[in-house]
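Structural overview
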Amino acid sequence: QVQLVESGGGLVQTGGSLRLSCTASTRAFSGYTMGWFRQGPGQERQYVAASTSNGRTTDYADSVKGRFTISRDDAKNTVYLQMNNLKPEDTAVYYCAAFFGAWNNFYRADRYDYWGQGTQVTVSS
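Basis of the calculations
Residues numbered from 1 in each chain as written. Predicted model: local features only at pLDDT ≥ 70, side-chain atom pairs only at ≥ 80, totals over all residues. Heavy atoms only, no water. Phe/Tyr/Trp six-rings, centres within 6.5 Å; stacked < 30°, edge-to-face > 60°. Helix = DSSP H or I, 4+ residues; strand = E, 2+ residues; numbered from the N terminus. Buried < 20%, exposed > 50% of the residue type's maximum accessible area, 1.4 Å probe, protein only. Disulfide = S-S within 2.5 Å. Pairing = 2+ DSSP bridges.

What about the packing of aromatic side chains?
A full pass over the atoms with the stated rule returns nine aromatic pairs. Taking 5.1 Å as the distance between ring centres and 55 degrees as the angle between the ring planes, the aromatic pair formed by F37 and W115 counts as tilted. Taken as a pair, F37 in strand β4 (residues 32-39) and W115 in strand β10 (residues 114-115) lie far apart in primary sequence, 78 residues in all. What makes F37 buried here is its relative accessible area of 1%. Ring centres 6.0 Å apart and planes at 80 degrees place the aromatic pair F106 and Y107 in the edge-to-face group. The exposure class assigned to F106 is buried, which follows from its relative accessible area of 11%.

What about the state of the cysteines?
Scanning all chains against the criterion turns up one disulfide. Two residues, C22 and C96, share a disulfide whose sulfurs are 2.1 Å apart. Between C22 and C96, the S-S torsion sits near -80 degrees, and that sign places the bridge as left-handed. Remark: C96 occurs in strand β9 (residues 92-100) and C22 occurs in strand β3 (residues 18-24); sequence separation between them is 74 residues.

Digging into the pairing of strand β8 (residues 78-83)
Most of β8 sits out of view: five of its six residues are buried. Where β3 and β8 come together, six bridges link them in antiparallel fashion. Residue R19 lies in a different strand from β8, and its bridge partner there is Q82. Summarising the sheet, strand β7 (residues 68-73) and β8 pair through six bridges and their orientation is antiparallel.

Below, the structure written as structure tokens:
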């Protein structure tokens, strides 16, 4: 029902920055919890960050806390992931995800109903 499209991935050097965007097709974007996940080579999909539907509460995985920032612009149906001080271990395919409703279990991939196709982020050393 809801289509999500990520953009902004690419190649960056260690210590550099990158900003990912995810645009949703729904006209009820403000009612969705939005999350970012990533999957590195040979790894399981890993939780990165999430934002409540009102955008006033955010949450981050310990591995990215202090370096990544999630934000949203409801007028543009877009959620962002600002990634600073990137490290080689951040290399992964990054996925945008969404679910409508309550703010709970947002760190679990199986909680999300809609997923984008992913965008590749590669950090060179």
